[in-house]
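Per-entry structural report
Chain by chain, the residues:
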Amino acid sequence: MRFALPILALLTAAIVTGAENRIRNGSFEGNTQYWCAAGELVDGDAAHGRFSVRVSKGHGLRSMPFRLEPARTITVALWAKGAGNVSINLSPANREVGQSSGWAWAKKGSRGWTITSEWQRYSVDVDIPTIDAKGGFVGSDHGWWDHSSWIVMIGTGSEAVQVDGITICEVAGAEAFVPYAPVELSLTAIDLPSYAVNANLLDPVVPITLRAGVMNTADHARHLTLRFEQRDYRGERVFAPAIDQTVELAAGATAVIDQPITLAGRGLVLARVSASEDGTVIASSNQPLTALAFPKTATAPDARERFGASVRSVHLAEAARAIGLGWTRWYGGFSWGAVQKDGAEQWNWPDQAMDDLSTRGIAPIAVLLGPPKWAAGPDKLPKDMADWTADDPRWDDLSVHTGWDRYVSGLVGRYKGRTIAYELINEPDLGHEHWNPDQYARLARRTYRLVKAADPQAPVLVNVTWPGVSGFTRNLIDRHGLAAFDVHTFHNYTPGELCAPDGVSDILKYFAACNGGIDAGKHVWFDEGWLHAPSSLDYPVQSWYRLDAPAAAETAVRSAAGLIAAGLDKFVTFHIGYGKHGRSWWDWVGSGTEWWDDHGNPTVMPGLYNTCANFIGLSERCGSIDAEGAILHVFHDLRGGRGVAVAWTTGEAAVHLPADGLTAYDIMGNPLPVGPDLVLPAGQRPIWLVAAAKTTGTELAARFEPLRKRVADDGGLRPPKVWEGSVKGAVEGNPIGAWRLDQVWPDDPMQWSGYQPMSWQGTSWQATDHAHGGQPSARDAKGSIQLSVRAAWGGNAGQKLAALSLTAPAAGKFHLTGSVRIELWDGRGATADLLVLRHADTASELARLALPDRKPVDIDQHIELAAGDRLSLVPGFRAMNQAGTVIIDDLVLKPEP
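Let us look at the structure shown here. (Residues numbered from 1 in each chain as written. Predicted model: local features only at pLDDT ≥ 70, side-chain atom pairs only at ≥ 80, totals over all residues. Heavy atoms only, no water.)

Quick look at the pairing of strand β29 (residues 630–637)
Sheet faces and side chains relate simply in a regular strand, where the side chains alternate between the two faces. The condition that has to hold: The cut-offs for exposure are 20% and 50% of the maximum accessible area for each residue type, with area from a 1.4 Å probe on protein chains only; residues under the lower value are buried, those over the upper are exposed, and the others partly exposed. Put simply, DSSP marks the helices as runs of H or I at least four residues long and the strands as runs of E at least two long, and each gets a number from the N terminus on. Strands qualify as paired when DSSP identifies two bridges or more between them.
For β29, the buried fraction is high: 8 of the 8 residues fall into the buried class. Covered by surrounding structure in β29 are A630, L632, V634 and H636 together with I631, H633, F635 and D637, the residues of both alternating faces. Note: strand β28 (residues 619–627) against β29, 8 bridges, orientation antiparallel. In the strand pairing of β29, S619 is matched with D637. Remark: 2 residues form the turn of the hairpin made by β28 and β29, two consecutive strands paired antiparallel; G629 in that turn has positive phi of roughly 85°. Sheet analysis places β29 next to strand β30 (residues 642–649), joined by 8 bridges and oriented antiparallel. Looking at the pairing, L632 lines up with A647 of β30.

As for the pattern of salt bridges
Rule in force here: Within this document, salt bridges are pairs made up of a side-chain nitrogen of Lys or Arg and a carboxyl oxygen of Asp or Glu, the two lying within 4 Å of each other.
Per the stated rule, a full pass over the model turns up 54 salt bridges. Here E229 and R231 are joined by a salt bridge, their closest N and O atoms 3.2 Å apart. E229 gets classed as buried once you look at its relative accessible area, which sits at 11%. The salt bridge partner of R394 is D392, with a shortest N-O separation of 2.8 Å. Here the residues in one salt-bridge network are R821, E823, D853, R854 and D889, joined through shared partners.

Brief notes about helix α6 (residues 403–414)
Helical geometry: 3.6 residues make up each α-helical turn, so side chains three or four residues apart lie on a common side. Stated formally: By this rule the span expected of a helix is its residue count minus one, scaled by 1.5 Å. Distance and chemistry together define a polar contact, namely a pair of N or O atoms within 3.5 Å, with one atom able to donate a hydrogen and the other to accept it when in protein, and with adjacent residues in sequence counting only for side-chain atoms on both sides.
In a regular helix each residue adds 1.5 Å, so 12 residues correspond to 16 Å; α6 covers 16 Å between its end C-alpha atoms and thus fits that length. Within the span of α6, buried status applies to G403, W404, D405, Y407, V408, L411 and V412. The N-capping residue of α6, defined by a side-chain oxygen 3.3 Å from the backbone nitrogen of W404, is T402.

Focus: the packing of aromatic side chains
To keep it simple, the criterion reads: Stacked, tilted and edge-to-face pairs are distinguished by plane angle, under 30 degrees for stacked and over 60 for edge-to-face with tilted covering the rest, among Phe, Tyr and Trp rings (Trp via its six-membered ring) whose centres lie within 6.5 Å. We call a charge positioned above a ring when the Lys NZ or Arg CZ atom is no farther than 6 Å from the ring centre and deviates by at most 35 degrees from the ring normal.
Taken as a whole, this structure holds 31 aromatic pairs when the rule is applied. Ring centres of W103 and W150 lie 5.0 Å apart, and the angle between their planes is 80°; on these two criteria the pair is classed as edge-to-face. Here W150 lies in strand β11 (residues 149–156) and W103 lies in the loop between α1 (95–100) and β9 (110–114), a separation of 47 residues in the sequence. In this structure, W103 and W150 share a single accessibility class: buried. Ring geometry for F294 versus Y665: centroids 6.0 Å apart, planes at 75°, classification edge-to-face. Here F294, found in the loop between β19 (280–291) and β20 (307–309), pairs with Y665, found in strand β32 (residues 663–665); they are 371 residues apart in sequence, far enough to count as distant. Classification of Y665 as buried rests on a relative accessible area of 17%. By the ring-pair criterion, three or more aromatic residues cluster together here, those being F307, F490, F526, W530, F571, W595 and Y609. Positioned above the aromatic ring of F485, the side-chain terminus of K522 is 4.9 Å from the ring centre. Directly above the aromatic system of W793 lies the positively charged group of R790, at a separation of 4.7 Å from the ring centroid.

Quick word on the environment of Y233
How we decide: Here, two residues are considered to be in contact whenever any of their heavy atoms come within 4.5 Å of each other.
In this structure, Y233 sits in the loop between β15 (222–231) and β16 (243–249). Residue Y233 is classed as buried on the basis of its relative accessible area of 6%. It is 9.7 Å that separates the C-alpha atoms of Y233 and G265, two residues lying 32 residues apart in sequence. In this view, Y233 contacts L268, L270, P550, A553, E554, I667 and M668; residues no more than four positions away in its chain are not counted.

Structural notes on the pairing of strand β43 (residues 812–826)
Looking at chain direction, β43 and strand β46 (residues 857–865) are connected through 9 bridges and run antiparallel. Directly across from F814, in β46, lies its bridge partner I863. Sheet topology note: the β43/strand β48 (residues 883–895) ladder contains 11 bridges and is antiparallel. The residue bridging L816 from the neighbouring strand is L893, located in β48.

Okay, structure coming up:
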């Protein structure tokens with residue numbers, strides 16, 4: 001790293017050409033857009049242009065993210081004046097990476113100066129590291145950073161500092177301000193109500209004033225047309241007529257243009273200003289604005305509400321009410337450590353928190369955990385239970401009163417009759433929190449009895465960190481855990497879909513199977529985590545998020561609707577904002593779930609959740625339609641008393657649906673035009689379809705039913721699309737018709753005597769003997785058959801083979817077609833085969849198909865069978881220490897003439 005000494009300069013600096021400034025609005029012309037915590041704009045006292053910014057003592061500026069390619073030398077410069085100090089700090093745009101790599105907090109990419117009362121330029125030359133063979137540099141090994149997104153922070157010391165002309169470019173030692181573009185243009189709204197008041201959710205009837213700052217950085221005058229528009233969340237649909245203003249700008253001049261507007265769109269609306277010269281757009285800037293399409297005003301909780309989010313402050317609880325959220329987690333002090341912080345006889349009831357929420361129609365999920373210091377034992381259990389072993393009879397004896405018992409009974413009893421849910425422990429399966437399965441199961445069963453004794457109507461929740469049936473959940477159920485909860489919750493943080501619908505339906509099937517095939521009456525909630533939503537300000541989105549703002553919005557709707565249709569009861573995300581500000585630097589990581597950006601603007605999330613809550617927040621499931629090229633999930637909206645559906649295409653072609661009697665909305669709640677039919681746009685972009693009043697969801701589903709994809713009746717035999725058992729440990733349901741799922745043991749596929757039907761284990765068919773790591777097993781998955789198999793392993797002889805078999809119903813010649821692939825998850829190399837076998841009086845091999853990893857192979861065999869012959873498809877390995885899932889698609893056995 002090299003440092004450049006301060007240089008005295010004129011108040012208006014010259015412009016350097018041939019360089020590219022990575023920082024937008026580095027001279028703060030008319031506003032501080034694209035800068036966070038930006039301080040006070042100063043008009044008429046500037047080192048460059050017309051404006052500068054005064055930053056109060058001890059505070060700073062943080063820039064938007066920008067791209068810096070590795071192995072470059074970057075000059076970071078600014079102009080400053082005042083008393084005290086100013087500093088520059090360049091860092092990766094992810095605090096975890098910035099800290100671990102040593103760039104953040106005035107380290108590698110930093111320099112500070114003592115400044116004077118006159119404008120001076122201060123700069124530092126920074127060498128951006130080379131990316132090594134591992135795809136990063138020392139300390140940057142983090143999956144949520146793309147190795148090219150950076151920020152710059154400008155800090156002050158003990159006195160206020162005035163700054164201007166910030167430049168980041170690859171012209172090392174450049175001695176003047178480098179403009180971002182020939183015309184610098186930025187747009188903001190000057191009369192937003194503020195994040196701390198109402199989270200900047202706007203009343204649409206109150207006009208908003210847009211302010212455009214435009215600077216001509218060229219060396220000649222410009223005649224520009226500024227066009228103000230309102231566009232949808234994708235920036236495509238225009239909601240209102242454009243408003244044009246013309247402006248003449250001398251070389252180096254700045255103009256500030258105000259334009260009042262009344263919002264014409266709902267949800268997130270992009271207010272946009274563009275600058276045109278001679279009919280060509282040469283610059284533009286966006287300001288996101290949000291007015292909810294269906295604002296809510298609940299005054300009491302309704303336990304049936306499906307959507308929620310963790311909130312940190314009363315004003316965010318008020319925003320949550322307006323959005324239509326009915327649940328929250330982590331609000332208020334419900335933990336043992338908060339309720340009895342100072343001793344067994346001292347109680348700190350979260351009454352105010354309960355009132356904050358309930359008067360806004362929000363119910364808390366109170367997490368029961370602790371203990372406080374005075375009650376803590378040497379491990380997870382409190383000290384008066386620390387010696388309770390797994391088989392200790394005191395676990396089942398409620399006449400023994402522990403500190404935990406008094407806390408749980410006291411808390412639940414105090415709020416008896418109010419809408420509240422109690423969740424035992426946070427993430428007990430996670431590494432740093434991991435509980436002993438025996439102790440956890442015992443504590444869960446005891447806590448369930450305590451809660452129900454104090455309030456029989458209060459739901460009791462248990463929790464894991466991943467969707468689906470985890471080993472931790474299996475351990476709980478195996479220890480009589482069905483008697484320990486009403487609701488099973490899961491968490492997940494992911495840059496894409498929350499989870500497959502199977503993650504919900506599988507666990508409900510598992511509970512039923514563990515209950516003798518009878519619905520266990522359990523529910524599944526999602527109540528922490530999920531998706532980062534980028535700001536809709538027009539700066540580069542960090543590529544590690546994978547989704548830009550429109551894609552994040554559409555993913556959220558697809559996940560919420562699809563999972564609720566699959567059986568999810570509540571959809572409660574993690575923290576959506578802070579008490580005093582929007583997103584912080586900390587949230588530029590995978591777990592950042594905030595719904596407000598660095599500037600306090602709502603992202604796409606408040607608008608789309610408001611629409612989801614309006615249409616299906618109080619709803620009944622009425623079915624899902626897998627149509628040709630589209631998915632439709634149908635509900636009965638209890639709030640509106642009508643059927644609603646959310647629909648999207650599954651491919652890259654638009655799909656036409658019958659539109660008679662339907663109203664359509666985009667995901668922000670804006671009405672869409674409907675003609676004789678309705679066009680679902682290509683690219684998995686969901687829209688809402690609302691039936692006429694008094695048309696039920698059941699009636700709407702029946703209307704869409706003819707759209708369901710049908711398999712042509714060509715006389716072919718196909719595996720069942722839904723192949724499930726009912727009772728855990730039983731083979732009932734296998735075989736189904738002519739089809740059977742078998743374990744092959746001993747592992748000689750030529751010996752039919754070794755084929756035995758596998759039993760149902762709640763989510764798949766599995767072998768109970770001669771298994772290894774859950775293999776062999778089999779299941780259906782959206783029309784595919786999946787066979788999980790394992791090669792021989794050291795210390796565990798024999799392959800763990802699964803087979804799909806068919807008994808020929810009649811003699812004849814047949815054509816077997818389909819495709820097969822293997823997805824290896826242990827071992828490497830293409831060492832797997834699929835055997836196609838016929839078992840009659842003797843066995844014969846009809847085909848042997850080599851299976852490369854993750855590459856489909858066609859099945860295309862002409863076969864002659866006698867009635868009762870068995871046709872088997874058996875995958876196997878040619879090497880040890882491999883395992884994978886073999887996926888068989890579109891399999892059909894057709895008779896030939």
